[in-house]
Amino acid sequence: GQNIDQPTEMTATEGAIVQINCTYQTSGFNGLFWYQQHAGEAPTFLSYNVLDGLEEKGRFSSFLSRSKGYSYLLLKELQMKDSASYLCAVRDTDSGYSTLTFGKGTMLLVSP
Amino acid sequence: DSGVTQTPKHLITATGQRVTLRCSPRSGDLSVYWYQQSLDQGLQFLIQYYNGEERAKGNILERFSAQQFPDLHSELNLSSLELGDSALYFCASSAPGQGSYEQYFGPGTRLTVT
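Just so you know, these numbers come straight off a predicted model, no measurement behind them.

**Structural notes on the packing of aromatic side chains**
A ring pair, where both rings are aromatic, is described by two values, the distance of the centres and the angle of the planes.
Link 1 in the chain: Tallied over the entire structure, the rule returns 16 aromatic pairs over all chains.
Link 2 in the chain: Judged by centre distance (5.5 Å) and plane angle (80°), the ring pair of Y35(A) and F105(B) falls under edge-to-face. Note that Y35(A) is positioned in strand β4 (residues 29-37) and F105(B) in strand β10 (residues 104-105), a pairing that runs across two chains. With respect to class, Y35(A) is no different from F105(B); both count as buried.
Link 3 in the chain: Both rings, one in F90(B) and one in F105(B), keep their centres 6.2 Å apart while their planes meet at 85°; by these two values the pair is edge-to-face. Of this pair, F90(B) sits in strand β9 (residues 87-94) while F105(B) sits in strand β10, and the two are 15 residues apart along the sequence.

**A look at the layout of surface pockets**
Link 1 in the chain: Approximately 540 Å³ is the volume attributed to the largest pocket.
Link 2 in the chain: As for the largest pocket, its lining consists of 22 residues, of which Q37(A), M107(A), Q37(B), S38(B) and L39(B) are closest to the centre.
Link 3 in the chain: Listed by contribution, the elements that provide at least two residues to the lining of the largest pocket are β9 (84-92) of chain A together with β4 (31-38), β9 and β11 (109-113) of chain B.
Link 4 in the chain: For the lining of the largest pocket, the residue count by class is seven nonpolar, eleven polar and four charged.

**Here we look at the state of the cysteines**
Link 1 in the chain: A complete count under the given rule lists two disulfides over all chains for this structure.
Link 2 in the chain: The disulfide bridge from C22(A) ends at C88(A), spanning 2.0 Å between sulfur atoms. Between C22(A) and C88(A) the disulfide shows an S-S torsion of about -65°. By sign, it is left-handed. Here C22(A), found in strand β3 (residues 18-25), pairs with C88(A), found in strand β9; they are 66 residues apart in sequence, far enough to count as distant. No difference in accessibility class separates C22(A) from C88(A), as the two residues are buried.
Link 3 in the chain: The disulfide that involves C23(B) links it to C91(B), with 1.8 Å between the sulfurs. Looking along the S-S bond of the C23(B)-C91(B) disulfide, the torsion reads about -45°, which is the left-handed sense. Here C91(B) lies in strand β9 and C23(B) lies in strand β3 (residues 19-24), a separation of 68 residues in the sequence. Each member of the pair, C23(B) together with C91(B), is buried.

**Examining the sheet that holds strand β8 (residues 74-78) of chain B**
Residues and elements named next belong to chain B.
Link 1 in the chain: With respect to topology, four strands assemble into an open sheet ordered β1-β3-β8-β7, the strand pairing being antiparallel. Each edge of the open sheet carries a strand with a single partner, namely β1 (5-7) and β7 (64-68). Averaged over neighbouring strand pairs, the angle between their axes works out to 15° when direction is ignored.
Link 2 in the chain: Inspection of the sheet shows β3 paired to β8 by five bridges, in the antiparallel sense.

**Notes on the interface of chain A and chain B**
Link 1 in the chain: In this assembly, 19 residues from chain A lie in contact with 22 residues from chain B.
Link 2 in the chain: Buried surface at the junction of chain A and chain B, summed over both partners, amounts to about 1600 Å²; 57% is from carbon and sulfur atoms.
Link 3 in the chain: At the boundary of chain A and chain B, one finds zero salt bridges.
Link 4 in the chain: Those elements that place two or more of their residues in the side of chain A that touches chain B are β4, β5 (44-49), β9 and β10 (99-102) of chain A.
Link 5 in the chain: Ranked by residue count, the leading element in the side of chain A that touches chain B is β4(A), at four residues.
Link 6 in the chain: Within the side of chain A that touches chain B, the residues separate by chemical class into ten nonpolar, six polar and three charged.

**As for the sheet that holds strand β1 (residues 3-5) of chain A**
Residue and element names in this part refer to chain A.
Link 1 in the chain: Read across the open sheet, the five strands follow the order β1-β3-β8-β7-β6; overall the sheet is antiparallel. The sheet is open, and its two edges are formed by β1 and β6 (53-57), each paired on a single side. Put simply, the sheet's adjacent strands are angled 15° from each other on average, direction ignored.
Link 2 in the chain: Strand direction decides the pairing type here: β3 and strand β8 (residues 70-75), joined by six bridges, are antiparallel. Its bridge partner being in β8, V18 is matched across the sheet by L75.

Thresholds applied
- Residues numbered from 1 in each chain as written.
- Chains lettered and ligands numbered in written order.
- Predicted model: local features only at pLDDT ≥ 70, side-chain atom pairs only at ≥ 80, totals over all residues.
- Heavy atoms only, no water.
- Phe/Tyr/Trp six-rings, centres within 6.5 Å; stacked < 30°, edge-to-face > 60°.
- Helix = DSSP H or I, 4+ residues; strand = E, 2+ residues; numbered from the N terminus.
- Buried < 20%, exposed > 50% of the residue type's maximum accessible area, 1.4 Å probe, protein only.
- 1 Å grid on protein atoms, 1.4 Å probe; cavity = no way out; pocket = protein on both sides within 12 Å on 5 of 7 lines; lining within 4 Å.
- Points joined across faces, edges and corners; volume = space filled by probe spheres on them.
- Nonpolar A, V, L, I, M, F, W, Y, C, P; charged D, E, K, R; others polar.
- Disulfide = S-S within 2.5 Å.
- Pairing = 2+ DSSP bridges.
- Axes fitted to C-alpha atoms, helices over the stretch in contact; angles between N-to-C directions.
- Contact = heavy atoms within 4.5 Å.
- Buried area = accessible area lost by both parts, 1.4 Å probe.
- Salt bridge = Lys/Arg side-chain N within 4 Å of Asp/Glu carboxyl O.

Any functional reading would require information that these geometric values do not contain.
Rendered as structure tokens:
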């Protein structure tokens, strides 16, 4: 089975930096994804990590440590439009096929 | 726009009824995934199809079934509906292979069971 934990809610101020953590326990790990989801809308892909280290993409960066079962999403220069839920998802190949298991999401509220 | 389409956008029905949700994947994607998202459970994987064949099953109830047709569109059938089935149902698609092929999500179908 899999277990993915992330904080339920976070708040931050416009222009600031926020780090959203995700810890996971899984066998057959084959990659970690971060998605952004605005209320009532579809999740949209933000980042993918399969090897240890930092992946940077514009204002967003994602880090992975496989030995620690840990990832974080770093959002810089926060904007009001970044208020959304951020979903951590682990890809598992234990069954022989790739499926994604999602955490329950971290609701980020950015205030002026 | 992810390129994944879902119909209908909203669906309101009564307990005990049966509904069909439809999904068309992005052009070229062979895999289709179905997810259920409710407020308390988060995004739950239901089932995956790859090129017409069932590939993986998640937390899908026996009252639910799905299929993928030769043109690669997929349908999710929900029967004997209960109040607890009210949720957002998402379809996602991805390209073939095991690389960093992220899943692209459709806009979802909001199902309300009364």
